[in-house]
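The residues making up each chain are set out below.
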Amino acid sequence: MRYRVYSIGKIPTLKMHLIGYSSDIIGTTFVARKNETHLVGYVLSGKATYNGHPISAGQGFLFTPNVAENVYPDKSNPPELLWFTSADSRFNELLPYYGADSKTKIFNHTSPAELQYIKELVITENRATISDGRMLELFFSVFKHHLNEQNYVSPNLPAAQSYIDFSVNYIKTHYNSITVSKLTELLGVSQPYLYRIFKEAFGKSPKAFITEYRINQAKKLLKETDLTVSAVAAAVGYSDSFAFSKAFSSIQNMSPSEYRSLQSSTASAPI
């Protein structure tokens, strides 16, 4: 039996289609697979052959769009397979980081804890749908292990835009709890590297980007709700109202209370 979870949504970032898992003969057999999607497979245990090449636990393989490829399980020791698929053309930019053999397209992986967690999630949530952001977060929790610190010398790497896309999406969905260190942990990159690519993309640091996004959300709440300033601060991720007011004033050149009063007077002014 094959287990799957699918992503839904239209967030403009790297699009992952689904995560799959199987551990039986039928579910781990892929015969002459040929479609428009990329597939990255991981062998968690057992053995199989991929396009005639033996693969076993600790290895993975890459399916190329529009190429007929096969996986056959070892009948005496069937494999556990976990896989990600994507029809996004930008996925091509990530392929060099897997370090796959140029002829066999087989690679090694060292992320058993993350793969085990995702396996259990897919079994539990079989055929459920999850958000684009959550799907991408799960994918990057494994992909980060394929990265090497030596690749972070230049911010102009093919993967840089994928990191930016993921970061912006994650900030928008977790702005009330996100930290720069959490982002670097999810991506598996250093803080100096993340700083460089944010400066190149936005002209500001990741911390400044997060702060501005929080303040913009706070402005909406101050304008559209009756929440107290303290409640607004908490809603956008500030446990300290003073720190919130300081951050707000540094961007808006006025306090949250002054901003709310200004919005109220503007809305009530005669046309």
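Right, let's walk through the structure included here. The residue numbering used here restarts from 1 in each chain and proceeds along that chain's sequence as written. Reporting of local features is limited, given that this is a predicted model, to residues whose pLDDT is at least 70; pairs of side-chain atoms are given and counted only at 80 or more, and all residues count toward the totals for whole chains, interfaces and linings. Just so you know, side-chain values use all the structure's heavy atoms and leave hydrogens and water out.

## Here we look at the overall build of the chain
Working step 1: Secondary structure is summarised from DSSP: a helix means a run of H or I of at least four residues, a strand means a run of E of at least two, and numbering begins at the N terminus for each. Counting secondary structure elements, the chain contains nine helices and 11 strands.
Working step 2: In terms of its C-alpha atoms, the chain occupies a principal-axis envelope of roughly 75 × 40 × 35 Å.
Working step 3: Relative accessibility thresholds used throughout: buried, under 20% of the residue-type maximum; exposed, over 50%; partly exposed, between the two (1.4 Å probe, protein chains only). By the burial criterion, 45% of the 271 residues in the chain qualify as buried.
Working step 4: Whether two residues are in contact is decided by their heavy atoms, any of which lying within 4.5 Å being enough. Counting only contacts in the chain whose residues sit at least 6 apart along the sequence, the fraction spanning at least 24 positions is 71%.

## With respect to the pattern of salt bridges
Working step 1: Within this document, salt bridges are pairs made up of a side-chain nitrogen of Lys or Arg and a carboxyl oxygen of Asp or Glu, the two lying within 4 Å of each other. Applying the stated rule across the entire model yields seven salt bridges.
Working step 2: As a salt-bridge pair, Glu-80 and Lys-119 come within 2.7 Å of each other at their nearest N and O atoms. Taken as a pair, Glu-80 in strand 9 (residues 80-86) and Lys-119 in helix 1 (residues 112-124) lie far apart in primary sequence, 39 residues in all.
Working step 3: Glu-80 gets classed as buried once you look at its relative accessible area, which sits at 16%.
Working step 4: If you follow the salt bridges from partner to partner, you end up with Asp-88, Arg-90 and Asp-165 in one network.

## Remarks on the sheet that holds strand 8 (residues 69-73)
Working step 1: Ordered by their spatial adjacency, four strands build an open sheet running 3-8-5-6, and the pairing between neighbours is antiparallel. Each edge of the open sheet is held by one strand with a lone partner, namely strand 3 (30-33) and strand 6 (53-56). Each neighbouring strand pair of the sheet contributes to a mean axis angle of 20 degrees, computed without reference to strand direction.
Working step 2: For two strands to be treated as a pair, DSSP must find no fewer than two bridges joining them. Here strand 3 runs beside strand 8; their pairing, made up of two bridges, is antiparallel. Axes here refer to lines fitted to C-alpha atoms; in helices the fit is confined to the stretch in contact. Angles between the N-to-C directions go from 0 to 180 degrees.

## Description of the pairing of strand 2 (residues 18-22)
Working step 1: In terms of burial, strand 2 is a largely internal element, five of the five residues being buried.
Working step 2: Examined bridge by bridge, strand 2 and strand 9 share five bridges and lie antiparallel to one another. Of the residues in strand 9, the one forming a bridge with Ile-19 is Phe-84.

## What to know about the packing of helix 2 (residues 132-143) against helix 3 (residues 160-174)
Working step 1: Between helix 2 and helix 3, the shortest axis-to-axis distance is 10 Å and the interhelical angle comes to 130 degrees. By the angle between their axes, helix 2 is oblique relative to helix 3. Crossing hand, helix 2 versus helix 3: left-handed. Where helix 2 approaches helix 3, its residues Gly-133, Leu-136, Glu-137, Phe-140 and Phe-143 are matched on the opposing element by Ser-162, Tyr-163, Phe-166, Asn-169, Tyr-170 and His-174.
Working step 2: Any residue outside Ala, Val, Leu, Ile, Met, Phe, Trp, Tyr, Cys, Pro, Asp, Glu, Lys and Arg is labelled polar, Gly included; the first ten of those are nonpolar and the last four are charged. Per-class residue counts for the contact of helix 2 with helix 3 are six nonpolar, four polar and one charged. Should an angle lie under 35 degrees it is considered roughly parallel, over 145 roughly antiparallel, and from 65 to 115 roughly perpendicular; all remaining angles are considered oblique. The handedness criterion is simple: a crossing whose near helix is rotated anticlockwise from the far helix by less than a right angle is left-handed, and one whose near helix is rotated clockwise is right-handed.

Any link to function would need more than the numbers given here.
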